[in-house]
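# Geometric and topological summary
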Amino acid sequence: MDKLLIRGGRPLRGEIRISGAKNAALPELCAALLTAEPMTLQNIPRLQDVATMLKLIRNMGATADFSPDGTVLIDSKELHFPEAPYEMVKTMRAAVLALGPLLARFGEATVSLPGGCAIGARPVDQHIKGLQKMGAEIVIEHGYMIAKLPKGWTRLKGANIRTDMITVTGTENFMMAAALAEGETILENAAMEPEITDLGDMLNAMGAKVEGHGTERIRITGVDKLHGATHKVVADRIECGTFLCAVAATGGDVILRDGRIDHLEVVVEMLKKAGAHVEAVDGGIRVHSEGRLEAQSFKTTEYPGFPTDMQAQFMVLNVISEGDSKVTETIFENRFMHVSELMRMGAKIDVDGKVAITHGVERLSGATVMATDLRASASLVIAGLVADGETIVDRIYHLDRGYEQMEGKLTQLGADIERIK
Ligand code: EPZ
C-alpha cells in the first residue's frame, strides 16, 4: 500500500495545469455508450476511477483506447454485455452512471447496487424512481439493479422528474436516458454543477436536444439516434480548489492553468475573506498568500453553494488560521473522518453531528495519518505540507482515485513530498 512522505514548512511557488474533471469524465465516458459511432473524449484525467470505468466499458464489449495525451477513443458498436458487475462497481460507485445510457440504447441494463462508502450510505433510490417514471421496469435481485423496458416498448418515454433531493449523478442518469427517449423530459430540481453543464454540452454535440443544463430545470427532447462527436472535458474545479487551499495554507504564489474562478466563486470569496489573494489571470487563476489567515465558517450545500467536496480541504486552512470557525456538512452523513487525523497533528476541533468547530492553532506537527476517503486524503496532504517535520499519509489509494499526479504537481511547486511503496 503506497504512502506519501511529506516534509512540511515550504511555501508553494510556480505553475501547474489543472487536469480534466473526474466528476465530468466519469458520466461522459458512460454517455459515449449512447451512440454506436466512435466517440473522442479529450482532457480525460489519468485516475484510478477513470481506469475502473474504462475497464467496465471494455468488459461490456466496447473498445476504449486511452492515449498519453489524455484522449480516449470509445467505440461501442460491438457492445453486447450491458452489465456493470459488482467487482467493478464496489470500488467505484459512479458505475451507477451506466444505468441510464445502457437502458436508453439497449433497452436493458444490469448494474450492481453501488453500496455505501466511507462518507455515507449513498443510496440510489432516486435514480431508480426517476427511470421508472420513464417506463423502466427495475427489480433488485442479488445486489443488482436489473432494468428493462416494458413488453412491446422499443425505447423509454419522456417524463417530468422531481427528485426528493438534488442528486448530481441522478440528474446525469436522467439526462442520458432522456436523450434517446420518446418525447420530452423535464428535470425539475436538477443539480447545477459545472459537470452537469459539461455533460449537456457533450450530449448536444452528439445530436441530443438538451436545454437549461446548469440551471435547476433541464428540458431534454428525445431523438432517435445520437452520432459520434469530439468533446473536451471541463477542468476539475475540486482539484483546483484543493490547490488553492494548499497555497493559501503554506503561503506562496502559484498559477493554476486552466483553473476557472467562475466554477469556484464561493470558495474563492471565502479565501479572499480569509486573507489570501486570488485573481483570474490569462488562462487560469493566480493565488498568493503570506502570513496567517482568518478562519472562515461555512456550510456545504449543493452547487453553486460551498461544495461538500471542498469541506475537508478548507477545514485544514481553518485549523491553522486565526480564530474559530463553524463548519457544517449538510450533504453527507459522515464526512468528518479527516477530523480525528488532523487532531493527531495538533488541530483543535470539536465535532457535534453535522457541525465541526475549529479553534485555530499556530502550528501542526507532522505525524503518521491515515486517509479514509478521497477528499479527506487531500486534506491530510495539505496538513502535511504546513506541519512541522515529517508526515506520512497512509492508504493513499484514496487519493489516487481522484487526483492526477498529486505528488508530481506538488513537487513541481517546490514541496518536499515523495511516494513510498
Ligand atoms: C456526486 O456524487 C459526486 N460524485 C460526489 O463527489 C459529490 O460529493 C456529490 O455529487 C455531491 O456534490 C460524482 O459526481 C461521481 P448526490 P453523487 O447524488 O451523485 C443523497 C468526490 O469526492 N441521495 O448528489 O453520488 C445522497 O446520499 C465525490 O469526487 C439519495 O438519498 O451525490 C447524498 O446525501 C464524493 N438517493 C445527497 O443525496 C439517491 O438516489 C447528494 O448525493 C441519490 C442521492
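Quick summary incoming for the structure in this document. Nothing here was measured: the structure is a model prediction, and the numbers come from that model. (Residues numbered from 1 in each chain as written. Predicted model: local features only at pLDDT ≥ 70, side-chain atom pairs only at ≥ 80, totals over all residues. Heavy atoms only, no water.)

This paragraph deals with the site of the ligand. As a matter of local geometry, the ligand sits amid 21 residues, with Gln-126, Thr-167, Thr-169, Asp-309 and Ile-331 nearest to it. Here Lys-22 contributes a side-chain N or O atom positioned 2.9 Å from an oxygen atom of the ligand. Arg-93 places a side-chain nitrogen or oxygen 3.3 Å from an oxygen atom of the ligand. Considering the ligand on its own, with 820 Å² of exposed area, one finds that the protein chains cover 88% of that surface. Of all the elements in the fold, those that place two or more residues in the shell around the ligand are helix 1 (22-31), helix 5 (125-133), helix 6 (168-179) and helix 12 (374-386). Top contributing element to the shell around the ligand by residue count: helix 5, with three residues. Looking at the shell around the ligand residue by residue, the classes come out as eight nonpolar, six polar and seven charged. (Near = heavy atom within 4 Å. Polar contact = N/O pair within 3.5 Å; in protein donor to acceptor, adjacent residues only side chain to side chain. Areas by Shrake-Rupley, 256 points an atom, 1.4 Å probe, with all protein chains shown as cover. Helix = DSSP H or I, 4+ residues; strand = E, 2+ residues; numbered from the N terminus. Nonpolar A, V, L, I, M, F, W, Y, C, P; charged D, E, K, R; others polar.)

What follows deals with the pattern of salt bridges. The final tally for this structure, using the stated rule, is 30 salt bridges. The salt bridge partner of Asp-2 is Arg-419, with a shortest N-O separation of 2.9 Å. Of this pair, Asp-2 sits in the segment before strand 1 (3-7) while Arg-419 sits in strand 24 (residues 416-420); the two residues are 417 residues apart in sequence, bridging distant segments of the chain. Its relative accessible area of 25% is what places Arg-419 among the partly exposed residues. (Salt bridge = Lys/Arg side-chain N within 4 Å of Asp/Glu carboxyl O. Buried < 20%, exposed > 50% of the residue type's maximum accessible area, 1.4 Å probe, protein only.)

Pairing is mixed across the open sheet formed by four strands, whose spatial order is 10-11-13-12. Looking along the sheet, the strands with just one partner apiece sit at the ends: strand 10 (160-161) and strand 12 (209-211). As judged from the three bridges shared by strand 12 and strand 13 (residues 218-221), these two strands associate in the antiparallel manner. In the sheet register, Val-210 faces strand 13, and the bridge partner there is Ile-220. (Pairing = 2+ DSSP bridges.)

It is worth spelling out the pairing of strand 9 (residues 144-148) at this point. Only one face of strand 9 is buried: it carries Met-145 and Ala-147, and the other face, with Tyr-144, Ile-146 and Lys-148, is open. Across five bridges, strand 7 (residues 108-112) lies against strand 9 in antiparallel orientation. Each bridged residue has a counterpart across the sheet, and for Glu-108 the counterpart in strand 9 is Lys-148. Direction of pairing for strand 8 (residues 137-141) relative to strand 9: antiparallel, over a ladder of five bridges.

All we've got here are geometric facts, nothing functional implied.
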